[in-house]
Amino acid sequence: MTNTAPSEHRSGFACLVGRPNAGKSTLTNALVGEKVAIMSARPQTTRHTIRGIVHRPDAQLVLVDTPGLHRPRTLLGQRLNDLVKQTLGEVDVIAFCLPADQKVGPGDRFIAAQLAPLMTGRRAVPVVAVVTKSDLVDRARLAEHLVAVDQLAKEVDREWADIVPVSAKGGFQVSTLEDVLVSHLPEGPELYPGGELTDEPEQIMVAELVREAALEGVRDELPHSLAVVVDEIVEREGSGDPEKGRPPLLDVRVNLYVERDSQKAIVIGRGGSRLREVGTQARQGIERLLGARVYLDLHVKVARDWQRDPKQLRKLGF
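Residues numbered from 1 in each chain as written. Predicted model: local features only at pLDDT ≥ 70, side-chain atom pairs only at ≥ 80, totals over all residues. Heavy atoms only, no water.

A closer look at the environment of D231
As for its placement among the helices and strands, D231 is situated in strand β7 (residues 227-235). A relative accessible area of 51% means that D231 is categorised as exposed. Here the alpha-carbon distance between D231 and R253, two residues 22 residues apart in the chain, equals 5.4 Å. Once residues within four sequence positions are removed from consideration, D231 is found in contact with R253, V254 and N255. (Helix = DSSP H or I, 4+ residues; strand = E, 2+ residues; numbered from the N terminus. Buried < 20%, exposed > 50% of the residue type's maximum accessible area, 1.4 Å probe, protein only. Contact = heavy atoms within 4.5 Å.)

See the structure below:
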């Protein structure tokens, strides 16, 4: 009888980078199979590095979703960029997202130049070029874009470890990308217990769900000016009945911060109508997340020019 060696298990971290609205959060959710990163058509919606965890028999892939790298115009923008660069130095592989429906531009070249130093040296980090939103273009345009992405590496005198076109919404090549990212991980044990999909604290996830709902259908300047902080999540006394299978009622109190009174009016809406819509939409996601009934108490406050004020940024968690 011969002993067969156990198959190797890989584990490690992959970071998704790209300019704002390149499809990073949608791709994170597609890989994990659950909604762990907020999605919005507005740029710059991700404020925290959200880890989605992909569990496989042969590997555990921890996905780190970051704010979009961009040329910063405010203190908040600089801090978000610093957060991305710090994250990049601590991962095993980087997925650089370049949407197929937009030409390679100055923003992509800026990011490629930031990644180039990481791709060489004693601890070189492999960079996989991921062409997102491939379902939005025809085959000829996709081929043209793939050539442009390949050329981008040559512009910074580097080579991508792989180039993978994907469609997160349609599922095209998502599993292929997963295999490619796993192939660049070192051998190692599970980093998180089986079944966990994210290591984000519940309060951060709740805040992100409220923020996502608040960003739907509002004018362009608001995403940069909106911060959400969960004040408390407490079980209402005597609200649950385990014997009758009745889950407890959680009181969730959340503050939404904007920079100007005019923005506060946008979030609240005429007679509070918009804030009620935000509450209804966010509550459904929060109840699924927490597995309990939720009373969601939302308050909109003005913190003037918080994006440029170090003290306000600290207070709001940046």
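A word on the side chain of N255
Within the secondary structure layout, N255 lies in strand β8 (residues 249-258). When neighbours within four sequence positions are excluded, N255 is seen to be in contact with A227, V228, V229, D231, H299 and K301.

Remarks on the environment of C15
As for its position among the elements, C15 is in strand β1 (residues 10-17). When the C-alpha positions of C15 and V64 are compared, they lie 4.7 Å apart, and in sequence the two are 49 residues distant.

Section: the pattern of salt bridges
With the rule as written, the count across this model stands at 12 salt bridges. The closest approach of N and O atoms between R56 and E178, which form a salt bridge, is 2.9 Å. Highlighted residues: R56 in strand β2 (residues 50-56) and E178 in helix α5 (residues 174-183), separated in sequence by 122 residues. Its relative accessible area of 14% is what places E178 among the buried residues. Taking the shortest distance from any N to any O, the salt bridge between E287 and R283 comes out at 4.0 Å. Taken as a pair, E287 and R283 lie in helix α9 (residues 273-290) at a separation of four residues, close to a single helical turn. Taken together, the salt bridges that share partners define one network made up of R56, D58, E178 and D179. (Salt bridge = Lys/Arg side-chain N within 4 Å of Asp/Glu carboxyl O.)

Details of the packing of aromatic side chains
All chains considered together, the criterion is met by one aromatic pair. Taken together, a centroid distance of 5.7 Å and an interplanar angle of 70° make the contact between F96 and W160 edge-to-face. On the criterion of sequence distance, the pair formed by F96 in strand β4 (residues 93-97) and W160 in the loop between α4 (139-155) and β6 (162-165) is long-range, its members being 64 residues apart. Geometry around Y295 places R236 over its ring, the cationic atom sitting 5.5 Å from the centre. (Phe/Tyr/Trp six-rings, centres within 6.5 Å; stacked < 30°, edge-to-face > 60°. Lys NZ or Arg CZ within 6 Å of the ring centre and 35° of its normal.)

Quick look at the packing of helix α6 (residues 202-215) against α9
Packing of α6 against α9 brings their axes to within 8 Å, and their N-to-C directions diverge by 145°. The crossing of α6 and α9 is right-handed. In contact with E202, M205, V206, L209, V210, A213 and A214 of α6, α9 contributes R274, V278, Q281, A282, G285, I286, L289 and L290. Classifying every residue of the contact of α6 with α9 by side-chain character gives 11 nonpolar, two polar and two charged. (Axes fitted to C-alpha atoms, helices over the stretch in contact; angles between N-to-C directions. Left-handed = near helix turned anticlockwise from the far one by under 90°. Nonpolar A, V, L, I, M, F, W, Y, C, P; charged D, E, K, R; others polar.)

Focus on unusual backbone geometry
Phi is positive for K133, which is not a glycine, with a value near 55°. In this fold, K133 is placed in the loop between β5 (127-131) and α4. Judged by its relative accessible area of 21%, K133 is partly exposed.

Distances and angles like these do not, on their own, reveal function.
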